[in-house]
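Structural characterization, general
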Amino acid sequence: MIEVRWHGRGGQGAVTSVEMLALAAIGEGKYAQGFPSFGPERRGAPVEAFNRVDDKRIKKRQRIYRPDVVVVLDPGLITLVNVAEGLKPEGLLILNTHKPFTEVKPHIQFDGRIALVDATAIAWAELGVPITNTTMLGALVKMTDIVKMESLSEPIEHRFGRIANKNLTAMKRAFDEVKLV
Amino acid sequence: MAEKKWPETWQEVNPGCIVFRPGSSRDYHTGTWRAERPIWDNSKCIKCGICYLFCPEGCISEDEEGYFAADLNYCKGCGICAHECWPGAIKMVGEE
Amino acid sequence: MSKRIGMEIALAAAEAAALCRPDVIAAYPITPNTHVPEHLSEIVAEGRLDAEFITVESEHSAMSACAGASGAGARAFTATSSQGLLYMAEILAIISSMRLPVVMIIGNRALSGPLSIWNDHSDIMSQRDIGWISLFAANGQETVDMTIQAFKIAEHPDVMLPTNVNLDGFQLTHVVEPMLMPDQEEVDRFLPPFKPFAALNPDDPVTLGALGLPDIYTEACKSREEVLLNSKKVILEVWKEWEEQFGRKYEPIEPYEAEDAEVLMLTMGSMGETAEMAIDELRKEGMKAGLLKLKLWRPFPFEELKEAVKGAKVLVVTDRCLSYGGAGGPVALEVRSALYEEKKRPVILNYIIGLGGRDVMVDHFMEMIRTAAKADAERPEKAYEIYGVRE
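All of the points below concern the structure found in this document. In every chain, residue numbers begin from 1 and rise along the written sequence. Naming scheme: in the order in which they are written, chains are lettered from A and ligands are numbered from 1. With pLDDT at 70 or above as the cut-off, local features in this predicted model cover only qualifying residues; side-chain atom pairs require 80 or more to be listed or tallied, and sums for whole chains, interfaces and linings still use all residues.

A word on the arrangement of the chains. When the two pairs of chains in contact are ranked by number of contacts, first place goes to chains A and C. Separated in space, chain A and chain B share no contact, their closest pair of C-alpha atoms being 41 Å apart. Residues are treated as contacting if the C-beta atoms built from their backbones sit within 7 Å of each other.

Written out as structure tokens, the structure is:
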């Protein structure tokens, strides 16, 4: 089972990310959960959302304390919250940042695998807004094989309608551009 | 068999206590509660119908000429009609 | 044919309710159940369901509208949580006394205060004695299935009682997960159209909700009690039919590794599956541990409980609610009453867990069961314990 924790700000679509990922996994015949951090969402405030993906039925309904993967949607969050909290040492941290790793490193309490992508720039270019939830899905898929890229098409088309293609393009770009440190 | 006033056993209670015979409250003659009865003096009555409107029992009705009278099967003798009748056409008189 | 879908459970509950073709939906949104009426209003607006969606100004009005609709012979549905359920309270008991088969989904949430939007069972437990049938779902699939089953149970001519389907707020309502969603043809085959035994109709008038003098009130109560107790027979029948048609089995108390278990835990609601994982771990360690998942809360399955705990030395009852000033949680109170007269009964421990959204993990369940196992032969000192409370 892979457990993923998403960090974002209220309004940036972290909950949509976990929904898209869960639907993609379920579409592949896998078992998955996607859920928010069970509380009132406040625009701009740091929020979390979670995924579990497995090949067998998932019984666990407790919160995720020891994620395998952490995805951070907003570059500013690393200075506000310890995004690596509970992250397994063999796990993976995926950050949205335009900065070189040397500038990011002081804020990160994690020695394991870290991947970087400038998702905000991609989102501005492809979507015209700094909303990185679908973009970061591309980075996650590249780094983990949690689902296949094509499995995300249907949920994203269903959710985004006429702007689905732009989101798919942004996702594909992040897939290509994300780099392991 | 005469109809029972109410079900004797729990098995006889209708589902949801539904009363299938509507208007069964008419069988209950509240007129026996009355200590005084209203008497109309039609020479003073202006046929305004305020007695009819105010009667809490809904037992006052209008006759063909437009005058009013209470159905004494149900009139409880509360006197509201007499109190409201501003031309003073209704008087409450004691029951014998 | 049923389709495997991924969906937020609250939305799936709304889809399941829509498949039952309700005539009237009257609901007022409240967290964490909001998505149920919200999605139903979309389904009606899209024209997928021909129903009257009444946007009422309060839960009291929602339940009142359901009472009127059901009394007029319509299939009525609503959904609520927490304070919303309490605001309905006045009408809840009237609906069951008038035998109106309204179906309600409750996204269970703690009662204020302190103000909490998070999950426990104190909302429904405060309305325990109102004469409704109460089912508890443990996951998304059970939520979908029980929503559909609820209409059939409620409207059965031998039952005609309102039914609520309880699903844990957030813990279930806000989780996207896979479920098998029946199609319209399947649901139509399972659920016949609603045939009220009497309905408000000017051409054939009846009186609903009449006065009950002391001469008749006791008999009216007894009649309600009998019909609720007897509804278990129908519930079991409906579950059998469901299993035959859809292949998924439902029981008042679902056992997990319980057959040879010396230590049994009992859960109700979404924590059952997490507790199963604790049982798996303890079995690996060689402990004869098992689990009972209570799905039918009212009418309470007394016979099934007695049978299920026969071989156990210790029974750990978990409650998501505290009966303030009483002897623990409402589930444990019921279990103790059920077993008191039994010659051979397990030692019973009661843990109050998961109040107002407090997370309960696999490790916690393991610790509770391990502690309870030691209570074998010696009676616990306290009737109940609030698990994990900071002192």
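Secondary structure counts use DSSP, requiring at least four H or I residues in a row for a helix and at least two E residues in a row for a strand, with both numbered from the N terminus. The length a helix should cover is 1.5 Å for every residue beyond the first. In this model helix H6 (residues 164-177) of chain A runs 20 Å from its N-terminal to its C-terminal C-alpha over 14 residues, within 8% of the 20 Å that 1.5 Å per residue would give. Buried, partly exposed and exposed are defined by the number of other C-beta atoms within 10 Å of a residue's own C-beta, namely 20 or more, between the two limits, and 12 or fewer respectively, with C-beta atoms placed from the backbone. Those residues of H6(A) not exposed but buried are Asn167(A), Leu168(A), Ala170(A), Met171(A), Arg173(A) and Ala174(A).

All names here are of chain C. Reading across from one edge, E3-E2-E4-E5-E7-E6-E12 is the order of the seven strands in this open sheet, with mixed pairing throughout. Edge positions in the open sheet fall to strand E3 (52-54) and strand E12 (296-298), since each of these has one partner strand only. Between one strand and the next, the sheet's axes are offset by a mean angle of 20°, whatever the strand orientation. One ladder, built from three bridges, connects strand E2 (residues 24-26) with E3; its direction is parallel. If you follow Ala 26 over to E3, its bridge partner there is Ile 54. Strand pairing requires that DSSP identify at least two bridges connecting the strands. Here an angle of 0 to 180 degrees is reported between the N-to-C directions of two axes, which are lines fitted to C-alpha atoms, with helices fitted over the stretch in contact.

This next bit is on the environment of Leu294(C). Residues and elements named next belong to chain C. For Leu 294, the position within the fold is in strand E11 (residues 289-294). When the 26 C-beta atoms within 10 Å are taken as the criterion, Leu 294 is described as buried. Separated by 157 residues in the primary sequence, Leu 294 and Ala 137 have C-alpha atoms spaced 9.2 Å apart.

All names here are of chain A. Two elements in contact, helix H3 (residues 119-127) and H6, have axes whose closest approach is 9 Å; the angle formed by their N-to-C orientations is 150°. On the basis of their axis angle, the class for H3 and H6 is roughly antiparallel. When you trace H3 past H6, the crossing you get is right-handed. Contacts between H3 and H6 involve Ala 119, Ile 122, Ala 123, Glu 126 and Leu 127 on the former and, on the latter, Lys 166, Asn 167, Thr 169, Ala 170, Arg 173 and Ala 174. Angles are sorted into four bins: roughly parallel if under 35 degrees, roughly antiparallel if over 145, roughly perpendicular if 65 to 115, and oblique for all others. Definitions for this section: a left-handed crossing has its near helix turned counterclockwise from the far helix by less than a right angle. A right-handed crossing has that turn clockwise.

Strands in a sheet are paired, the pairing made by backbone hydrogen bonds, and the direction either parallel or antiparallel. All names here are of chain C. Across the sheet, six strands lie side by side as E9-E11-E10-E13-E14-E15; this open sheet has mixed pairing. Every other strand in the sheet has two partners, leaving strand E9 (253-256) and strand E15 (385-386) as the edge strands with one partner each. Pairing analysis gives two bridges linking strand E14 (residues 347-352) to E15, with the strands arranged parallel. In the sheet register, Ile 352 faces E15, and the bridge partner there is Ile 386.

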